[in-house]
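Architecture and fold: a report
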Amino acid sequence: MRSPVLSTCLGLGLAVSAALVPSAGAGAPRQPAEHPTLAVNADTKVLIVAPHPDDETLSAGGLMQRVHEAGGQVHVVVLTDGDGYPEGVRFEDHVESPTPSDYRGYGRQRRREARAALARLGLDRRSIRFLSFPDGGLSQLIGRYWSERRTAFRSPYTRMDRPPKSEIIVANTEYRGEDLTQELAQTIGEYQPTLILVPRKEDQHADHCASWFFLMDALGDVKRVHSDYAPDVVNYIVHWYSWPFEDESRELSPPPGLRGGISGWMRVGLTRHQQQTKRAALKEYQTQMHVMNWFLDGFARPNEVFSRPAPVRVVLPRRRNPCGE
Ligand SMILES: [Zn+2]
């Protein structure tokens, strides 16, 4: 049997405590598994990097409430409008062959849903920023569409090659990797979060995997200007085989076959009220509930799980796409 351990991550008000699970001998009653947890307080400034509208609520709808209730600050940056989803657009618009205008309208709808979801969590409109990069195209910006050496990526859905003017932070931004890094770096530099939540690079959706690389590249840029800036970077995961929607248990278990980074899987518990509020926030994503309510429901549990990656330096561009698309 291993003894319980307690470790503390200093500097950012994050306490990590772990009680390790005793191995069950023959006939021994199995002890409930416990995981380290992410503690937050009034000094916490969390930035959630969401590849698509809904990822922030799926992964951290409970954690966002905890930070807000503790008096901390919550900010969400959504990299794409989630507009590259033909099945969803066909369902919403009742059309067989959606037009670019249909896809753009779908993206605007998803942005409205994101604002409504965050309002449910008690957060105002200033808590969310949309970068409106191409849904389904982020991983290609890591290498092939990195710089001005070639024309910008054009979404096969919306036919756009840059975000709408209203969403551009850095002048002349187009769908290029270096532009996305700059916009993210600008967002981080302005807000200076103490805690950043971002998808794991192992997430099986290429946009999610790419989000990790862009965040780490942008952090490198920020640190070149603010050398003492050291936020706590924590991972979440949304797409991993049939996890978690085929798991019928009440608790959300960590994804099978994935290790919990250097922290071990961290478990954040939700009160009954926080759980109900998270469920209500997810319901605001009507376009997604219509086509995959079973998936969203899989995340409406009494807890959320996170992991802390080992420190690593990421520099883009990459000649080979690390995200498989
Ligand atoms: Zn997503």
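The notes below deal with the structure included here.

What follows is about the overall build of the protein. Scanning the protein for helices and strands turns up eight helices and nine strands. Across the 325 residues in the protein, those meeting the buried criterion constitute 53%. Within the protein, contacts between residues at least 6 apart in sequence are counted, and of these 74% link residues at least 24 apart. Of the roughly 15,300 Å² of accessible surface on the protein, a fraction of 48% belongs to carbon and sulfur atoms.

A separate point is the coordination of the zinc ion. Protein-derived ligands of the zinc ion are His52 (ND1), Asp55 (OD), Asp55 (OD) and His208 (NE2), with the metal-ligand distances lying across 2.1 to 2.7 Å. Geometry at the zinc ion is irregular, judged from the four donor atoms that bind it and their angles of 53 to 146° at the metal. Here the donor residues of the zinc ion are spaced in sequence according to H-x2-D-x152-H. Taken together, the residues aspartate 55 in helix α1 (residues 55-69) and histidine 208 in helix α6 (residues 206-225) connect sequence positions 153 residues apart.

What follows covers the pattern of salt bridges. It is possible for side chains of opposite charge to pair when their charged atoms get near one another. Under the defined criterion, the tally for this structure stands at 15 salt bridges. A salt bridge links arginine 126 to aspartate 124; the nearest nitrogen and oxygen atoms lie 2.8 Å apart. In this structure arginine 126 comes out as exposed when scored by relative accessible area, which is 68%. The partner of arginine 200 in a salt bridge is glutamate 202, and the shortest N-O contact between them spans 2.9 Å.

Right, let's talk about the sheet that holds strand β4 (residues 73-80) for a bit. Backbone-to-backbone hydrogen bonds pair the strands of a sheet. The strands run either parallel or antiparallel. Spatially, five strands are ordered β5-β4-β3-β6-β7 in an open sheet, and the strand pairing comes out parallel. Looking at the sheet topology across the chains shown, the edges are occupied by β5 (128-133) and β7 (232-236). Strand-to-strand twist in this sheet, taken as the mean axis angle between neighbours without regard to direction, amounts to 20°. Sheet contacts for α1: β3 (45-50), β4, β6 (195-199) and β7; angle to β4, the most-contacted strand, approximately 165°.

What follows deals with the layout of surface pockets. Considered as a void within the structure, the largest pocket measures approximately 450 Å³ in volume. Sorting the residues of the lining of the largest pocket by element identifies α6 and β7 as the ones contributing at least two each. For the lining of the largest pocket, the leading source of residues is α6, giving eight residues. The residue inventory of the lining of the largest pocket, partitioned by class, reads 13 nonpolar, one polar and seven charged.

The biggest cluster of nonpolar side chains holds 48 residues, and the ones touching the most others in it are Ile48, Leu63, Met64, Leu197, Leu296 and Phe306. When neighbours within four sequence positions are excluded, methionine 64 is seen to be in contact with Ile48, Glu56, Thr57, Val74, Val76, Leu118, Leu121 and Leu123. Ala185, Ala206, Phe214 and Ala218 belong to the second largest nonpolar core, which has 37 residues in total.

Turning next to unusual backbone geometry. Cis geometry is found at the peptide bond from tryptophan 243 to proline 244, where omega equals -5°. Examined against the element boundaries, proline 244 turns out to sit in the loop between β7 and β8 (266-269). Residue proline 317 is reached from leucine 316 by a cis peptide bond, and omega for that bond is 5°. You can see proline 317 is positioned in the segment after β9 (303-306). One non-glycine residue, arginine 159, adopts positive backbone phi at about 65°. Examined against the element boundaries, arginine 159 turns out to sit in the loop between α4 (138-141) and α5 (177-191). Of note in this structure, glutamine 192 is not a glycine but carries a positive phi near 50°. Looking at where glutamine 192 falls in the secondary structure, it is placed in the loop between α5 and β6. Given a relative accessible area of 27%, glutamine 192 falls into the partly exposed group.

Turning our attention to the side chain of serine 132. On the secondary structure map, serine 132 appears in strand β5. Its relative accessible area of 2% is what places serine 132 among the buried residues. Of note is the side chain of serine 132, whose polar atom sits 3.0 Å from the side chain of aspartate 81.

The rules behind each value
Residues numbered from 1 in each chain as written. Predicted model: local features only at pLDDT ≥ 70, side-chain atom pairs only at ≥ 80, totals over all residues. Heavy atoms only, no water. Helix = DSSP H or I, 4+ residues; strand = E, 2+ residues; numbered from the N terminus. Buried < 20%, exposed > 50% of the residue type's maximum accessible area, 1.4 Å probe, protein only. Contact = heavy atoms within 4.5 Å. Areas by Shrake-Rupley, 256 points an atom, 1.4 Å probe, with all protein chains shown as cover. Donors = N, O, S within 2.8 Å, 3.2 Å for Na, K, Ca; no water. Tetrahedral: all angles 85-135°; square planar, octahedral: opposite > 155°, others 65-115°. Salt bridge = Lys/Arg side-chain N within 4 Å of Asp/Glu carboxyl O. Pairing = 2+ DSSP bridges. Axes fitted to C-alpha atoms, helices over the stretch in contact; angles between N-to-C directions. 1 Å grid on protein atoms, 1.4 Å probe; cavity = no way out; pocket = protein on both sides within 12 Å on 5 of 7 lines; lining within 4 Å. Points joined across faces, edges and corners; volume = space filled by probe spheres on them. Nonpolar A, V, L, I, M, F, W, Y, C, P; charged D, E, K, R; others polar. Core = buried A, V, L, I, M, F, W, Y, C linked by side-chain atoms within 4.5 Å. Polar contact = N/O pair within 3.5 Å; in protein donor to acceptor, adjacent residues only side chain to side chain.

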